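Reading the structure
Here's the letter readout for the chains.
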Amino acid sequence: MKKLLISTILFVGLSMSVSAQKHPTPPPHPSKSELIAIKSKELDKRYNQEKKLILNHPLATKQMKRDQMKALNQKYQDQKRLLKKM
C-alpha cells in the first residue's frame, strides 16, 4: 500500500511538472515591408536560376531561347508588379 501511494504521488508530481513547463514563444511575424523584401529576393533568385537554365540549355536553338526568355521576362515583370501592389 505504501509503495502504491509513493508511486502515485511521484506520477502526479512528474505529470504536473511536465504540464507546467513553458513552451517557447513563437518568433515574431515579419512586417509587411520585410515580407515583401523576402519575397522579392526569392523571386530574383528563382528568375536567375531559370534564366541560367534557359541560356545554358544544349539543345535549344537561339530562337527558342529568345522566346523562352521573353516569356520568362514577362512572367517576372507581372510577378514584380503584383508584389509591389501589396
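Treat the numbers as computed from the prediction; the structure is a model and nothing was measured.

Moving on to the side chain of lysine 65. Tracing the backbone shows lysine 65 in helix H3 (residues 62–85). Although lysine 65 lies buried, it forms no salt bridge, and the closest oppositely charged side chain, aspartate 67, sits 13 Å away as judged by the N-O distance. Separated by 3.1 Å, the side chain of lysine 65 and the backbone oxygen of leucine 55 make a polar contact. With residues up to four places along the chain from it excluded, the contact list for lysine 65 reads Ile54, Leu55, His57 and Ala60.

Moving on to the pattern of salt bridges. Tallied over the entire structure, the rule returns three salt bridges. Between aspartate 44 and lysine 80 there is a salt bridge, with the nearest N and O atoms lying 3.4 Å from each other. Note that aspartate 44 is positioned in helix H2 (residues 32–55) and lysine 80 in helix H3, a separation of 36 residues in sequence. Among the ionic pairs, glutamate 50 bridges to lysine 75, the shortest N-O distance being 3.6 Å. Linking glutamate 50 in helix H2 with lysine 75 in helix H3, this pair joins segments that are 25 residues apart in sequence. Look at lysine 75 and you get partly exposed, because its relative accessible area is 39%.

What follows covers the packing of H2 against H3. Close contact between H2 and H3 brings their axes to 10 Å; oriented N to C, the two are set at 175 degrees. Judged by the angle between their axes, H2 and H3 are roughly antiparallel. Contacts from Ile36, Lys39, Ser40, Leu43, Asp44, Arg46, Tyr47, Glu50, Lys51, Ile54 and Leu55 in H2 reach Lys65, Gln68, Met69, Leu72, Asn73, Lys75, Tyr76, Gln79, Lys80 and Leu83 in H3.

Let's shift gears to the nonpolar core. Counting six residues, the largest nonpolar core is built from Leu43, Tyr47, Ile54, Met69, Leu72 and Tyr76. Elements with a contribution of two residues or more to this core: H2 and H3. Residues in contact with methionine 69, not counting those within four places in the same chain, are Tyr47, Lys51, Ile54 and Leu55.

The next subject is the side chain of lysine 80. A polar atom in the side chain of lysine 80 sits 2.6 Å from the side chain of serine 40. Polar side-chain contacts of lysine 80 include one of 3.4 Å to the side chain of aspartate 44. Beyond its immediate stretch of four places on either side in the chain, lysine 80 contacts Ser40, Leu43 and Asp44.

What follows deals with empty space enclosed by the protein. Under the defined criterion, the tally for this structure stands at one cavity of 30 Å³ or more. Roughly 60 Å³ of internal volume is contained in the largest cavity. Along the walls of the largest cavity sit Leu43, Arg46, Tyr47, Glu50, Leu72, Lys75, Tyr76 and Gln79, which together make up its complete lining. Of all elements in the fold, only H2 and H3 reach the threshold of two or more residues within the lining of the largest cavity. Across the lining of the largest cavity, the residue classes break down as four nonpolar, one polar and three charged.

Criteria and cut-off values
Residues numbered from 1 in each chain as written. Predicted model: local features only at pLDDT ≥ 70, side-chain atom pairs only at ≥ 80, totals over all residues. Heavy atoms only, no water. Helix = DSSP H or I, 4+ residues; strand = E, 2+ residues; numbered from the N terminus. Buried < 20%, exposed > 50% of the residue type's maximum accessible area, 1.4 Å probe, protein only. Lys, Arg positive; Asp, Glu negative; His and termini not counted. Salt bridge = Lys/Arg side-chain N within 4 Å of Asp/Glu carboxyl O. Polar contact = N/O pair within 3.5 Å; in protein donor to acceptor, adjacent residues only side chain to side chain. Contact = heavy atoms within 4.5 Å. Axes fitted to C-alpha atoms, helices over the stretch in contact; angles between N-to-C directions. Parallel < 35°, antiparallel > 145°, perpendicular 65-115°, else oblique. Core = buried A, V, L, I, M, F, W, Y, C linked by side-chain atoms within 4.5 Å. 1 Å grid on protein atoms, 1.4 Å probe; cavity = no way out; pocket = protein on both sides within 12 Å on 5 of 7 lines; lining within 4 Å. Points joined across faces, edges and corners; volume = space filled by probe spheres on them. Nonpolar A, V, L, I, M, F, W, Y, C, P; charged D, E, K, R; others polar.

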